[in-house]
Amino acid sequence: MNNEELALRMVIEDLELGKWVQNGFTISHWDGRTIFVIGGIPGEIVDIKIDKTTKQEWFGTVIRFKQTKSNRISVDCPSFLSCGGCSYRHISYQEELTIKKSLLADRFPKWKDSLSLISGSENHYRNNVQWKQKKKEVGFYKKGSHDIDSRTSQFCLTVDPRLLLSNLSKEIQNKIKHTKDILLRLSHSGISIYDREETEFFLKETIIRIPKGGFSQINQFLLIPWLDKICSYLSTNEMVAELFCGSGMIGLYAQKHIEKLIGLESHPLSIKFANLNASANNLKQYSYICTNLYKDPIPVSLMKVSTWIVNPPRSGLSKDINASIGKSQCKKLIYSSCNAATLQRDLIELETFGFQIEDLVLVDFFPRTHHFEVLALLVRD
Ligand SMILES: C[S@@+](CC[C@H](N)C(=O)[O-])C[C@H]1O[C@@H](n2cnc3c(N)ncnc32)[C@H](O)[C@@H]1O
């Protein structure tokens, strides 16, 4: 048995947990090693099992408590820590928000006292879900394995109850009978199986259609507050470039502020639907281009645009995209990011092109998990 296999069988006893760090972990030190622990609270003394090792660091999960802290609450989900979705069900949601704000402030110290927060219901917020199905078992995978935890499809508290297995109509149950990946999304007319069907919904009076397989934000309660915050950064008659636009949701919703928009995105069907959405909303001055933003140069037509909205995947913007924004006539950049680390990296780089952060907002799209969205407004003269 090699060292890693040995470590994965180990239980470390009486470990004192240190401070909260990124990704839902607390940090501890043991036998000269750094150990990241999930499921504990700083100051608690616990036994942990090791889940994963790298050369420098070990990762573990609490399995027994020796001394608990008074802020621990009783966990409301039988699959907490075994399904790998949530990181914070053992503390209050208020405390989770305080931790997330403080971790974000660690990356942007100047914003420590001026970060704002958009949050909503801590449960039932997911408007889509991806269940796995194997031998008639349906649910999320257990953490670090391909075994299914079938309790999750009956119970998961982050998911809108309409997407739980027992609440699905007979018609949908029949359609997904033999499917390995069950991808469900709430739509205006019910539930769509979103790798096979399109989704349609309204954001106030704006109608949005997402193609099969297209991206859509998952927190049904915070979509409008997030979009309204973006709109608050826009004046009227703006010329806008929207990068990583998906099916065009941000610009379509912000139509009252926009005179002309060019959207860029690499998923061809999303581009087709962005164009259809613009027509359905009677926005003739909107156009969309299918391009790989990590490989292809930014089209010259964008270089004169003064307001840019970017909403990239977790990898953030590339050096080339940052440089293009720097060279362009962009004066206002609205950046919505699902990864604070790549946002921090990109904002440091964009500062070298004269941009300054004017507003920073934590949008808690993913309560009870360690994930969150960050909205940043950057400006330059
Ligand atoms: C976080 S989503 C944002 C979508 C859109 N703003 C929304 O809220 O619906 C990121 C988008 O980037 C797109 N994308 C991923 N890689 C890309 C690339 N290399 N070039 C252009 N777009 C890309 C994805 O298809 C996805 O639509």
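All residue numbers here refer to positions counted from 1 along the written sequence of the relevant chain. Only residues with pLDDT of 70 or above have their local features reported here, since the model is predicted, and side-chain atom pairs are shown and tallied only from 80 upward, although totals for entire chains, interfaces and linings are computed over all residues. To obtain the side-chain values, all non-hydrogen atoms of the structure were included, while hydrogens and water were left out.

**Regarding the sheet that holds strand β9 (residues 148–149)**
- Only strands joined by at least two bridges in the DSSP assignment are considered to pair. Helix and strand labels come from DSSP, where a helix needs a run of H or I of at least four residues and a strand needs a run of E of at least two; each type is numbered from the N terminus. In spatial order, the strands read β9-β8-β7-β10-β11; together these five strands make up an open sheet with antiparallel pairing. Across the chains shown, the open sheet's two edge strands, defined by having one partner strand only, are β9 and β11 (190–193).
- Pairing analysis gives four bridges linking strand β10 (residues 181–187) to β11, with the strands arranged antiparallel. Each residue of the ladder has a partner; that of Leu186, found in β11, is Ile191.

**Considering the state of the cysteines**
- The term disulfide is used for any two cysteine sulfur atoms that are within 2.5 Å. Tallied over the full model, the rule gives zero disulfides.
- There is no disulfide at Cys83, and the cysteine sulfur nearest it, in Cys86, is 6.2 Å away.
- Note on Cys83: relative accessible area 18%, which makes it buried. Only protein chains enter the calculation, and the probe is 1.4 Å; a residue is then buried if its accessible area is under 20% of its type maximum, exposed if over 50%, and partly exposed in between.

**As for the UniProt feature "active site" (unreviewed entry) in the protein**
- UniProt positions are given in the numbering used here, feature names are shortened, and annotations may be inferred rather than shown by experiment. The sites that UniProt annotates as "active site" (unreviewed entry) are Cys338.
- Within the element layout of this structure, Cys338 appears in the loop between β18 (332–337) and α9 (340–351).
- Contacts between residues were defined by any pair of non-hydrogen atoms, one from each residue, lying within 4.5 Å. Apart from residues no more than four positions distant in its own chain, Cys338 is found in contact with Pro312, Pro313, Arg314, Phe372 and Glu373.

**Some words on the pattern of salt bridges**
- Salt bridges are counted wherever a side-chain nitrogen of Lys or Arg sits within 4 Å of a carboxyl oxygen of Asp or Glu. Following the criterion strictly, the structure yields 24 salt bridges and no others.
- Residue Glu96 is joined to Lys100 by a salt bridge in which the shortest nitrogen-to-oxygen separation is 2.7 Å. One end of the pair, Glu96, and the other, Lys100, are both in helix α2 (residues 93–107), four residues apart, so they sit about a helical turn from each other.
- Since its relative accessible area comes to 0%, Lys100 is described here as buried.
- A salt bridge links Lys175 to Glu171, with the nearest nitrogen and oxygen atoms 4.0 Å apart. One end of the pair, Lys175, and the other, Glu171, are both in helix α4 (residues 170–175), four residues apart, so they sit about a helical turn from each other.
- Glu171 gets classed as exposed once you look at its relative accessible area, which sits at 54%.
- Overlapping salt bridges bring together Glu96, Lys100, Glu122, Asp364 and Arg368 as one network.

**Some thoughts on the packing of helix α8 (residues 319–327) against α9**
- Note on method: axes are straight lines fitted to C-alpha atoms, helices fitted across the in-contact stretch only, with angles between N-to-C directions ranging 0 to 180 degrees. Close contact between α8 and α9 brings their axes to 10 Å; oriented N to C, the two are set at 35°. Here the hand of the crossing between α8 and α9 comes out right-handed. Contacts between α8 and α9 pair Lys319, Asn322 and Ile325 from the former with Asp346, Glu349 and Leu350 from the latter.
- Grouping the amino acids of the contact of α8 with α9 by side-chain chemistry returns two nonpolar, one polar and three charged. Should the near helix be turned anticlockwise from the far one by less than a right angle, the crossing is left-handed, and should it be turned clockwise, the crossing is right-handed. Polar here means any residue outside two lists: the nonpolar Ala, Val, Leu, Ile, Met, Phe, Trp, Tyr, Cys and Pro, and the charged Asp, Glu, Lys and Arg; Gly therefore counts as polar.

**What about the site of the ligand?**
- Lining the immediate surroundings of the ligand are 17 residues, of which Glu265, Ser266, Asn292, Leu293 and Asn311 lie closest.
- Pairs of N or O atoms within 3.5 Å make up the polar contacts considered here, provided that, within protein, one atom can donate a hydrogen while the other can accept it, and that residues adjacent in sequence are counted only when both atoms are side-chain atoms. Interatomic distance of 3.3 Å between a backbone N/O atom of Phe244 and a nitrogen atom of the ligand.
- Within the side chain of Asn311, a nitrogen or oxygen atom sits 2.8 Å from a nitrogen atom of the ligand.
- When the ligand sits alone it has 590 Å² of accessible area, and the protein chains cover 87% of it.
- Among the residues making up the shell around the ligand, the classes are represented as 10 nonpolar, six polar and one charged. In these notes, residues near a molecule or strand are those with any non-hydrogen atom within 4 Å of it. Where accessible areas are quoted, they stem from the Shrake-Rupley method and a 1.4 Å probe; at the residue level, only the protein chains shown are allowed to cover.

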